[in-house]
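Spelled out, the chains give:
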Amino acid sequence: MAAACRLQVRPDQQDLVAPVAWSLAEAYANPEMAWPRLVFDGDELVGFVMGCFDPDNPIAAYRCGFWRLNIAADRQGRGYGRFAVAAVLAEVRRRGESRATVTWVPGEHGPQEFYLKLGFRPTGEVLHGEIVAEIHLSEFQG
Ligand SMILES: CC(C)(COP(=O)(O)OP(=O)(O)OC[C@H]1O[C@@H](n2cnc3c(N)ncnc32)[C@H](O)[C@@H]1OP(=O)(O)O)[C@@H](O)C(=O)NCCC(=O)NCCS
């Protein structure tokens with residue numbers, strides 16, 4: 001747990017995603033909707049991902065999809081982010097859903113190109129300043 005709380009994205013990415021400790025606190029407070037997972041490569045902790053499953057949420061973008069994704073600064077660009085996305089999509093499938101959503105902060109250092117490459121497509125909505133995008137499981141570039 002201490003290692004998870006120490007996991008850091010790059011300094012220029014820190015305004016894009018909450019710290020892992022913050023996300024773990026949210027998961028503790030919202031166990032029915034949060035799906036938090038640490039990403040390991042062997043014994044090494046390389047990332048954190050949290051799905052969100054809240055089928056009755058009045059906002060469609062928050063019903064089934066991604067809540068957080070943090071890959072350690074010095075472990076980015078090695079496929080761990082794609083692996084984490086695949087893990088959440090497997091859980092989406094397990095729950096009988098066929099579509100997942102994500103929101104991201106637009107901007108130069110943001111994850112937009114990552115998500116577009118994996119097959120996410122913007123819906124045209126913006127929520128709290130973040131771009132809303134969706135993916136159908138069959139479109140995932142895994
Ligand atoms: C975005 C993030 C999760 C990507 O994780 P990663 O482990 O570096 O991504 P991967 O190595 O799995 O990359 C998958 C593909 O996306 C591409 N990609 C990743 N980041 C990219 C970027 N910023 N620009 C262009 N392409 C990118 C990779 O080149 C790779 O392409 P390939 O299939 O041709 O090899 C990671 O950079 C991160 O933690 N960012 C900070 C936090 C953040 O923005 N989280 C998302 C919150 S919504």
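In the block above lies the structure referred to throughout.
Computed from a predicted model, the values in this text were never measured in an experiment. (Residues numbered from 1 in each chain as written. Predicted model: local features only at pLDDT ≥ 70, side-chain atom pairs only at ≥ 80, totals over all residues. Heavy atoms only, no water.)

### Some words on the packing of aromatic side chains
So, point 1. On inspection of all chains with the given rule, the structure shows four aromatic pairs.
So, point 2. For the ring pair W104 and Y115, a centre distance of 5.4 Å and an interplane angle of 5° mean the geometry is stacked. Remark: Y115 occurs in helix α4 (residues 112-118) and W104 occurs in strand β4 (residues 99-104); sequence separation between them is 11 residues.
So, point 3. A ring pair is formed by Y115 and F120, whose centres lie 5.1 Å apart and whose planes are at 80°; its orientation type is edge-to-face. Taken individually, Y115 and F120 each receive the classification buried, so the pair is uniform in this respect.
So, point 4. By way of ring pairs, the aromatic residues F66, W104, F114, Y115 and F120 are connected into one cluster.
So, point 5. Above the face of the W35 ring, R37 is positioned so that its terminal group lies 4.1 Å from the ring centre. (Phe/Tyr/Trp six-rings, centres within 6.5 Å; stacked < 30°, edge-to-face > 60°. Helix = DSSP H or I, 4+ residues; strand = E, 2+ residues; numbered from the N terminus. Buried < 20%, exposed > 50% of the residue type's maximum accessible area, 1.4 Å probe, protein only. Lys NZ or Arg CZ within 6 Å of the ring centre and 35° of its normal.)

### Focus on the layout of surface pockets
So, point 1. Counted as a void, the largest pocket has a volume near 1000 Å³.
So, point 2. Every residue lining the largest pocket is counted, 44 residues in all, and those nearest its centre are V17, R68, L69, P111 and Y115.
So, point 3. Among the elements that make up the lining of the largest pocket, the one with the highest residue count is strand β3 (residues 64-71) (eight residues).
So, point 4. Partitioned by chemical class, the residues of the lining of the largest pocket number 22 nonpolar, 13 polar and nine charged.
So, point 5. In this structure, the second largest pocket spans a volume of roughly 180 Å³.
So, point 6. Looking at the lining of the second largest pocket, its residues break down into four nonpolar, one polar and five charged. (1 Å grid on protein atoms, 1.4 Å probe; cavity = no way out; pocket = protein on both sides within 12 Å on 5 of 7 lines; lining within 4 Å. Points joined across faces, edges and corners; volume = space filled by probe spheres on them. Nonpolar A, V, L, I, M, F, W, Y, C, P; charged D, E, K, R; others polar.)

### Digging into the pattern of salt bridges
So, point 1. Tallied over the full model, the rule gives seven salt bridges.
So, point 2. Across the salt bridge formed by R75 and E44, the nearest N and O atoms sit 2.6 Å from each other. With R75 in the loop between β3 and α3 (80-94) and E44 in strand β2 (residues 44-53), the pair connects residues that are 31 residues apart, well separated along the chain.
So, point 3. E134 serves as the salt-bridge partner of R99, at 2.3 Å between the closest nitrogen and oxygen. Pair noted here: R99 is in strand β4 and E134 is in strand β6 (residues 130-136), with a separation of 35 residues, a long-range link.
So, point 4. Each of E44, D74 and R75 takes part in a single network of salt bridges with overlapping partners. (Salt bridge = Lys/Arg side-chain N within 4 Å of Asp/Glu carboxyl O.)

### As for α3
So, point 1. Taking 1.5 Å as the rise per residue, α3 with 15 residues should run 21 Å; its terminal C-alpha atoms sit 21 Å apart, in good agreement.
So, point 2. Among the residues making up α3, those that are buried are Y80, G81, A84, V85, V88, L89, E91 and V92.
So, point 3. Summarising the contacts, the buried residues of α3 are in contact with β1 (34-41), β2, β3, β4, α4 and β6.
So, point 4. Of the residues flanking the end of α3, it is G96, one or two places downstream, whose phi is positive at about 85°. (Expected span 1.5 Å × (residues − 1). Contact = heavy atoms within 4.5 Å.)

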